[in-house]
Amino acid sequence: MTTNWAAFTTAEPDLAHTVEKRFGAFTHHILATVRKDGSPRTSGLEVRFLSGELWLGMLPGSLKALDLRRDSRFALQSNPGEGTGMGGGDVRISGRAIEVDDGETKAGYVEEVEPPEPFHLFRAELTEVVRTYVEDDTYLVVQVWTPGAPLRTIKRT
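Residues numbered from 1 in each chain as written. Predicted model: local features only at pLDDT ≥ 70, side-chain atom pairs only at ≥ 80, totals over all residues. Heavy atoms only, no water.

Undergrad: It is not clear to me how the side chain of Ser43 should be interpreted in this structure. Could you clarify?
TA: Locating Ser43 in the fold gives a position in strand S2 (residues 40-45). With a relative accessible area of 16%, Ser43 lands in the buried category. Beyond its immediate sequence surroundings of up to four residues, Ser43 is in contact with His29, Ile30, Leu31 and Lys64. (Helix = DSSP H or I, 4+ residues; strand = E, 2+ residues; numbered from the N terminus. Buried < 20%, exposed > 50% of the residue type's maximum accessible area, 1.4 Å probe, protein only. Contact = heavy atoms within 4.5 Å.)

Following this line, the structure appears as structure tokens:
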């Protein structure tokens, strides 16, 4: 089961706000894709939250784009920032990347983002959103959201 960013925001507005804030704190993040041989590939990536969607834009012919065309599964890790503070926690989004070829949709993206052209554009369908953070210097807190299920919060000492 998957869902788009708007549906996630409706289901868990506080967590969605935190996730957007974490991704907005830095420009570059880490995308994991699946190579032809099944092994993971990690690459740097910029992301955008626009019009109720999470967008992944890539240079033409990039290996990460070719990976996603072959196997749409991905994991996206927010940039943890400098040092070990992790302001707002560690955030990861998993899902499937759907390539967008629709000219009108791509034109709207270009108008907002002004990416170098040509480019690949993928819309994220979410399968999981995870936030991990430290509370009161005592607890490791893990929040896990999946489509159709309530937010789970796990605390460990």
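Undergrad: What should I look at first to understand helix H4 (residues 103-113) in this one?
TA: Residues spaced three or four apart along an α-helix face the same direction, because each turn holds 3.6 residues. Those residues of H4 that sit buried are Lys106, Tyr109 and Val113. Projected down its long axis, H4 carries its buried residues within an arc of 60°, all on one side. Opposite its buried face, H4 presents the exposed residues Glu104 and Glu111, each directed more than 90 degrees away. Buried positions along H4 lie against strand S3 (47-50), strand S4 (53-58) and strand S7 (120-135). Glu114 sits one or two positions beyond H4 and adopts a positive phi of about 55°. (Arc of directions from axis to C-beta.)

Undergrad: Before we go on, may I ask you to explain the environment of Thr10 in this structure?
TA: Among the secondary structure elements, Thr10 is positioned in helix H1 (residues 5-11). Separated by 13 residues in the primary sequence, Thr10 and Phe23 have C-alpha atoms spaced 18 Å apart.

Undergrad: Could you clarify how one ought to interpret helix H2 (residues 13-24) in this entry?
TA: Look at H2: 16 Å from first C-alpha to last across twelve residues, which is about the 16 Å you get at 1.5 Å a residue. All of the buried residues in H2 are Leu15, Ala16, Thr18, Val19, Arg22 and Phe23. In a view along the axis of H2, the buried residues occupy a sector of 160°, so they form one face of it. Facing away from the buried side of H2, by more than 90 degrees, are the exposed residues Asp14, His17, Lys21 and Gly24. (Expected span 1.5 Å × (residues − 1).)

Undergrad: For this particular structure, what's the right way to read unusual backbone geometry?
TA: Apart from glycine, the bulk of residues carry a negative phi angle, and the bulk of peptide bonds sit in the trans form. The linkage connecting Glu117 with the following residue, Pro118, adopts the cis geometry, with an omega of -5°. Secondary-structure assignment places Pro118 in the loop between H4 and S7. Residues other than glycine seldom take positive phi values, yet Ser51 does so here, at roughly 55°. Assignment of secondary structure puts Ser51 in the loop between S3 and S4. Look at Ser51 and you get exposed, because its relative accessible area is 76%. A positive phi angle, close to 55°, is found at Asp136, a residue other than glycine. Here Asp136 shows up in the loop between S7 and strand S8 (139-145).

Undergrad: What is the right way to read the environment of Thr33 from this model?
TA: Within the element layout of this structure, Thr33 appears in strand S1 (residues 29-34). Residue classification places Thr33 among the buried positions, given a relative accessible area of 3%. Between the C-alpha atom of Thr33 and that of Phe74, which follows or precedes it by 41 residues, the distance is 5.0 Å. If we ignore the near neighbours within four places in the chain, the residues touching Thr33 are Ser39, Pro40, Arg41, Lys64, Asp67, Leu68 and Arg73. Side-chain polar atoms of Thr33 contact the side chain of Asp67, separated by 2.6 Å. (Polar contact = N/O pair within 3.5 Å; in protein donor to acceptor, adjacent residues only side chain to side chain.)

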